Amino acid sequence: MKVISDQLSPWLSGRLTSLGTDGFGRSESRPYLRRFFEVDAESIVTATISQLSRWGQFDAHKAQQAIFELGIDPEKKNAARN
């Protein structure tokens, strides 16, 4: 559940990146749900390289290009807050 890591993250200098659906009820296909809730492989890679880029451990331009190539919309609203 991502709510736990969301609650802990401020106390750990933002070192946690939340993943998970927290039990939202939807009936679409599993791949659709994984993408919607950003827990599919592409979203996990995006979360990882984004965080590494913020920490200065991954080139920001390469991160942007990778996110584009993975088909992730960086402007998408947070699924948990829709």
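Reading the values: the criteria
Residues numbered from 1 in each chain as written. Predicted model: local features only at pLDDT ≥ 70, side-chain atom pairs only at ≥ 80, totals over all residues. Heavy atoms only, no water. Helix = DSSP H or I, 4+ residues; strand = E, 2+ residues; numbered from the N terminus. Buried < 20%, exposed > 50% of the residue type's maximum accessible area, 1.4 Å probe, protein only. Areas by Shrake-Rupley, 256 points an atom, 1.4 Å probe, with all protein chains shown as cover. Expected span 1.5 Å × (residues − 1). Phe/Tyr/Trp six-rings, centres within 6.5 Å; stacked < 30°, edge-to-face > 60°. pLDDT = per-residue confidence, 0-100. Polar contact = N/O pair within 3.5 Å; in protein donor to acceptor, adjacent residues only side chain to side chain. Patch = residues over 30% accessible without salt bridge, like charges linked within 9 Å, V, L, I, M, F, W, Y side chains within 5 Å. Salt bridge = Lys/Arg side-chain N within 4 Å of Asp/Glu carboxyl O.

A.B. asks: How would you summarise the overall build of the protein chain if you had to cite specific residues and measurements?
C.D. replies: Along its length, the protein chain carries four helices and zero strands. Evaluated residue by residue, the protein chain yields a buried proportion of 23% over its 82 residues. For the protein chain, the accessible area works out to roughly 6200 Å², and carbon and sulfur atoms hold 55% of it.

A.B. asks: Let's hear about the environment of Glu69: which residues, and what values?
C.D. replies: Here Glu69 lies in helix α4 (residues 60–69). Of the residues examined, Glu69 reaches a relative accessible area of 59% and is grouped as exposed. Sequence separation between Glu69 and Glu42 is 27 residues; the distance between their C-alpha atoms is 9.6 Å.

A.B. asks: Explain helix α3 (residues 41–54) residue by residue, including any values.
C.D. replies: Relative to the 20 Å expected for 14 residues at 1.5 Å per residue, α3 spans 20 Å between its end C-alpha atoms, a close match to the ideal helical length. Burial in α3 covers these residues: Ser43, Thr46, Ala47, Ile49, Ser50 and Gln51. Taken from the residues just after α3, Gly56 is the one with a positive phi, measuring 80 degrees.

A.B. asks: Can you tell me about the packing of aromatic side chains, naming the residues and giving the values?
C.D. replies: Per the counting criterion, the structure on display carries one aromatic pair. Residues Tyr32 and Phe36 carry aromatic rings whose centres are separated by 6.1 Å and whose planes lie at 20 degrees to one another, so their mutual orientation is stacked. Of the two residues, Tyr32 and Phe36 both sit in helix α2 (residues 30–36), four residues apart, roughly one turn of that helix. You can call Phe36 buried: its relative accessible area is 12%.

A.B. asks: Explain the confidence of the model for the protein chain to me, using residue names and the numbers behind them.
C.D. replies: For the protein chain, per-residue confidence averages 81 on the pLDDT scale, and residues scoring 70 or more make up 78% of the total. Within the protein chain, α4 carries the highest mean pLDDT (95), whereas helix α1 (residues 2–8) carries the lowest (77).

A.B. asks: Describe the side chain of Ser50, naming the residues involved and giving the relevant values.
C.D. replies: Relative to the assigned elements, Ser50 resides in helix α3. One polar contact links the side chain of Ser50 to the main-chain carbonyl oxygen of Thr46, over a distance of 2.8 Å.

A.B. asks: Before we move on, could you go through a nonpolar patch on the surface and cite the residues and values that matter?
C.D. replies: Residues Val3, Ile4, Leu8, Trp11, Leu12 and Leu16 make up a contiguous nonpolar surface patch of roughly 590 Å² in combined accessible area. On the secondary structure map, Val3 appears in helix α1. For Val3, a relative accessible area of 31% translates into the label partly exposed.

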